[in-house]
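Single-letter residue listing:
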Amino acid sequence: MADSLREELHAEIETALARRLPGRGWAIGRHVSLALGLLIAVLQYYLIDIYVQIVSMQHVQFLTPEAVPVLRKSALEVLRFFS
């Protein structure tokens, strides 16, 4: 009698625990979604940091030969100008 009561109680505890605890699939899904969220947060932080650094860079100004008149002249042209 005590053994059957013990087995019945043990079975009832197992069913109660099975109802309370989520399945293994839910735990894996939860861990995967948390890892994916963490990965997205890290990438977002990294990309925003790079974007802020690029925006805060000073602009580099340079002259193209097409935009300015020719400043260099040959030595012969300079000599002709002074003679």
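Conventions and cut-offs
- Residues numbered from 1 in each chain as written.
- Predicted model: local features only at pLDDT ≥ 70, side-chain atom pairs only at ≥ 80, totals over all residues.
- Heavy atoms only, no water.
- Helix = DSSP H or I, 4+ residues; strand = E, 2+ residues; numbered from the N terminus.
- Buried < 20%, exposed > 50% of the residue type's maximum accessible area, 1.4 Å probe, protein only.
- Areas by Shrake-Rupley, 256 points an atom, 1.4 Å probe, with all protein chains shown as cover.
- Patch = residues over 30% accessible without salt bridge, like charges linked within 9 Å, V, L, I, M, F, W, Y side chains within 5 Å.
- Salt bridge = Lys/Arg side-chain N within 4 Å of Asp/Glu carboxyl O.
- pLDDT = per-residue confidence, 0-100.

### Side note on the overall build of the protein
On a plain count of helices and strands, the protein comes out with three helices and zero strands. Mapped from its N terminus to its C terminus, the protein presents α and β elements in the order α-α-α. In the protein, buried positions account for 1% of the 83 residues. Taken as a whole, the protein presents about 8,900 Å² of accessible surface, with 67% of it coming from carbon and sulfur.

### Focus on a nonpolar patch on the surface
A cluster of nonpolar side chains, L36, L39, I40 and L43, forms an exposed patch at the surface whose accessible area comes to about 380 Å². As for its placement among the helices and strands, L43 is situated in helix α2 (residues 24–55).

### Focus on the confidence of the model for the protein
On average, residues of the protein score 78 in pLDDT, and 75% of them are at 70 or above. Here helix α3 (residues 75–82) stands out as the element of the protein with the lowest mean pLDDT, 73, in contrast to α2, whose mean of 90 is the highest.

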